[in-house]
Amino acid sequence: MAMGPATITNNNATDGIGQLLETAKGKLAMIELLVIFTAFLLLFLVAFGSCRRRCSGVVFRLVIFTAYTLSTYVFTYALGLMQEAPFRNELFPVWAVFLMIILGSADSISAYSLEDNEQWKSYNWQIMIKLIWLSFLIDWYFRDTSNTGFATQCLLFISGLKADERARALMAASRHSLERHTKAVADYMSVEHESGEVDPGRGEAALARHHRTPLDNVDELITIEKVWMCEGRLLSSEGDPHNKLKDICLSFALFKLLRLRYAGYSLPQEAHKKTWNLIRRGLLSKEDGYKRAFQVVEDELTFLFDFFYTKYSVIFQPGRSLLKLLEFIYFTLSIFTTTLILTYYKRHDNNYQLGTMPNGLSIEVVVTSVMIISFIIVELMQFFFMGFSEWAKVILICKYVQKKSWQENVWKERIIREICRVKLMKPWEQKLHQYSFLESYSYKPSRLLNNKTMAVYFDQTRDGQRQSTPIKLPEEVKQAVFHTLKSNYSTKLENGQASLRVNNESKKLLWACRLETQTRVIIVWHIATSFCEHQLPLGRSDSPATRICFLVATSLSKYLAYLVAFAPWLLPDHRYDAECMFDQAIIEARDFFRKCKRMEDRVKEMKENSSGLSVRGETVISQGARLGNQLVNDINNKDMIWRILADFWAEMVLYVAPSDNAKAHTEHLTRGGEFVTHLWALLYHAGIERGPPTKPCNALERRNSF
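Residues numbered from 1 in each chain as written. Predicted model: local features only at pLDDT ≥ 70, side-chain atom pairs only at ≥ 80, totals over all residues. Heavy atoms only, no water.

**Q** What's the story with unusual backbone geometry in this structure? I'm lost.
**A** Glycine aside, a negative phi is what most residues show, and trans is what most peptide bonds show. Non-glycine residue N243 carries a positive phi angle of around 60°. On the secondary structure map, N243 appears in the loop between α9 (224-228) and α10 (244-263). The phi dihedral of Q430 is positive, around 60°, even though this residue is not glycine. Along the chain, Q430 falls in the loop between α18 (410-421) and β1 (431-434). (Helix = DSSP H or I, 4+ residues; strand = E, 2+ residues; numbered from the N terminus.)

In structure tokens:
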């Protein structure tokens, strides 16, 4: 009985709020709150829309998705409130068009996922219907508010331009459109290699203009070769000693070729060979060449992200600059006329006003002012981001190569150089995600969100899926991987076996590379590396070379284990096979380490019992324990052990990188990016592929085994 009064009070409060919202002032307050909310929603999307390629946080992605999705519903609901309001307000048309602008205004996020691009026709029709509906409502319901007519028309024009930009960006990034427009590039590249071997100093004669540029008139194209041979001071050895400006254009050209992979086109091996010669003899020719090569790939994937998920590819199309100028003119006129409206704004009926601020301004004027200020900030931010984007840098460099007058103008050279020096944000998260099997196999996720009911709404966390803290991508790891790549003289990669054939001691470990699936190979070697990490930790007397090998081996071991546990679609095996293998390993580990609560106890158990058998034979855990004991006991040299492991993992991460699943790598760009995606892009250009995979065992038998 004690809860009765509280319940009645809560019900009364709820009824009171509901009754308030039914009044004219309540509806006006709701409309004004939605306008302010829309202003901040637009600011958020513009500021953080493209940050998805620099952040892998689940919460951040959920917030971006919520803001991206809410815009449509906010517009529809607010417009309905304006239509049903028992009064007319001359600022309603301005607010309504402003709500419409948000649907296509954010240049930094035109699509949340690749599926959005495939729905471009549906989006175009929805936008068209909404524009027609909005125009009808403005003409029919707000025809008596003639004071806002010109401002509304200016805002409608801006809304149409921005919606058109987004519609074209979605269409260009769709699979059908991409296949159609990259066909010419694929045909060009299929015969371009016949021109003979390219001098690495001159660069690859790949396209460096927009994909819509016709290829039948070669004189109008700006190629990488033309950029390398430009005689202007800006691109000379004195003006660009580290080739950073040239590399921006090289990244753009490689991005054009990478789109062919997504569209399903293949290039002749001779074309890949020329690109590989450019990478090996050009980018990787110096001791620190791996830094330059990795920077080129980072910028290339930046272009790829922007093409699929932003409007930059459309904004920088030839001829769009005039539309941008018109948009700026109408933007200025709309701001000016709206300001005039606010200056002479008068209330017509105090019964439909919310009140005034302490300084005497009405709430409607304040709301509209917030809208104007946010709109100005958004446009300034977008022009700023656009002006210093990689797309703008490529356009400026191409114009510089094309026009002799620019090459003779010192001020233009300085402007281009300063713009190209600016890096507003890092291209990706630049971290290695980590997963330790021996530390996380006993983890059980909460059943609150991980059950059959919530599986419809959330990705389910499986047993053992507890990620370790990501680490910053070490320079030593990049150097080791690129050194292994440069040392590879074959177009076929091996899963670590090549690194084990260097001496008789490591040859004894080849059995661990010849297991039924590559997922099993990764888990076994990861368990063995974790065993060595605790048996042979670093000491003060260890040499710098051993410390580097230790860092490379442990970092890449935990990174590939992370791919097994959290991103199996980026690995060679079928996703379902990899997931089954991981689940089976978790069950086997819980049985093997049944009485082990601490890491020391688990290592001791592996040391004493490395021949555990299941009904189907040797388990993954026992194989990892056997390999770890073999490393520690048979190879008595600690430096050699860590060198063997570092070389193995450097080769293994290259082995898993080649993939036909370009869509999976493209989708992962919105999750902070992956190190393996950068290697995937580089190996594609080099034409390097995996050797024949080991035939996996029957998935049904494996599933039934546990």
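That shown, we press on.
**Q** Explain the packing of helix α24 (residues 544-566) against helix α28 (residues 638-656) to me, please; I cannot follow it from the model alone.
**A** For any two helices packed against each other, one specifies the crossing angle of their axes together with the interaxial distance. Between α24 and α28, the least distance of the axes is 8 Å, while the angle of their chain directions is 40°. Comparing their axes, α28 and α24 come out oblique. Between α24 and α28 lies a crossing whose hand is left-handed. Mapping the contact onto sequence places T546, C549, F550, V552, A553, T554, L556, S557 and L560 in α24 and D639, W642, R643, L645, A646, W649, A650, M652, V653 and V656 in α28. Across the contact of α24 with α28, the residue classes tally to 14 nonpolar, three polar and two charged. (Axes fitted to C-alpha atoms, helices over the stretch in contact; angles between N-to-C directions. Parallel < 35°, antiparallel > 145°, perpendicular 65-115°, else oblique. Left-handed = near helix turned anticlockwise from the far one by under 90°. Contact = heavy atoms within 4.5 Å. Nonpolar A, V, L, I, M, F, W, Y, C, P; charged D, E, K, R; others polar.)

**Q** Teacher, can you tell me more about the nonpolar core here?
**A** Soluble globular proteins tend to pack their nonpolar side chains together in the buried interior. Membership of the largest hydrophobic core comes to 150 residues, with the highest contact counts inside it found for F437, W525 and F675. No other element matches the 14 residues that α28 contributes to this core. Those residues in contact with F437 that lie beyond four places of it in its chain are H526, I527, F582, A585, I586, A589 and I621. Of all hydrophobic cores here, the second largest spans 64 residues; its members include L41, L131, L137 and F375. (Core = buried A, V, L, I, M, F, W, Y, C linked by side-chain atoms within 4.5 Å. Buried < 20%, exposed > 50% of the residue type's maximum accessible area, 1.4 Å probe, protein only.)

**Q** When you look at the side chain of T666 in this model, what are you seeing that I'm missing?
**A** Residue placement: T666 occurs in helix α29 (residues 662-668). If sequence neighbours within four positions are ignored, T666 has contacts with L114, Y262, L304, F308 and Y309.

**Q** What should I look at first to understand helix α20 (residues 475-486) in this one?
**A** In an α-helix, one turn spans 3.6 residues; hence positions three or four apart end up facing the same way. Here α20 contains 12 residues, and its C-alpha end-to-end distance of 16 Å stays within 8% of the 16 Å for a straight helix at 1.5 Å per residue. Buried within α20 we find V477, K478, V481, F482 and L485. End-on view of α20: buried residues confined to an arc of 120°, all on one side of the axis. Lining the buried residues of α20 we find α11 (269-283), α12 (289-309), β1, α24, α28 and α30 (675-686). (Expected span 1.5 Å × (residues − 1). Arc of directions from axis to C-beta.)

**Q** Explanation requested: the packing of aromatic side chains in the structure shown.
**A** Each aromatic ring pair is summarised here by two numbers: the centre-to-centre distance and the angle between the ring planes. The full count for this structure, using the stated rule, is 35 aromatic pairs. Summarising the aromatic geometry, the rings of F98 and F375 are spaced 6.2 Å apart at their centres and angled 75° between planes, so their arrangement reads as edge-to-face. Of the two residues, F98 is situated in helix α4 (residues 92-105) and F375 in helix α15 (residues 363-387); the sequence distance between them amounts to 277 residues. Residue classification places F375 among the buried residues on the basis of a relative accessible area of 2%. Between the aromatic rings of F384 and F385, the centroid separation amounts to 6.1 Å while the plane-to-plane angle is 55°, which identifies the pairing as tilted. Residue F384 is classed as partly exposed on the basis of its relative accessible area of 42%. Aromatic ring contacts, followed pair by pair, group F252, F255, Y262, F303, F305, F307, F308, Y309 and W391 into a single cluster. Over the ring of F383 we find K324, and its NZ or CZ is 5.9 Å from the ring centre. Between R690 and the ring centre of Y655, over which it is positioned, the NZ or CZ distance is 5.8 Å. (Phe/Tyr/Trp six-rings, centres within 6.5 Å; stacked < 30°, edge-to-face > 60°. Lys NZ or Arg CZ within 6 Å of the ring centre and 35° of its normal.)

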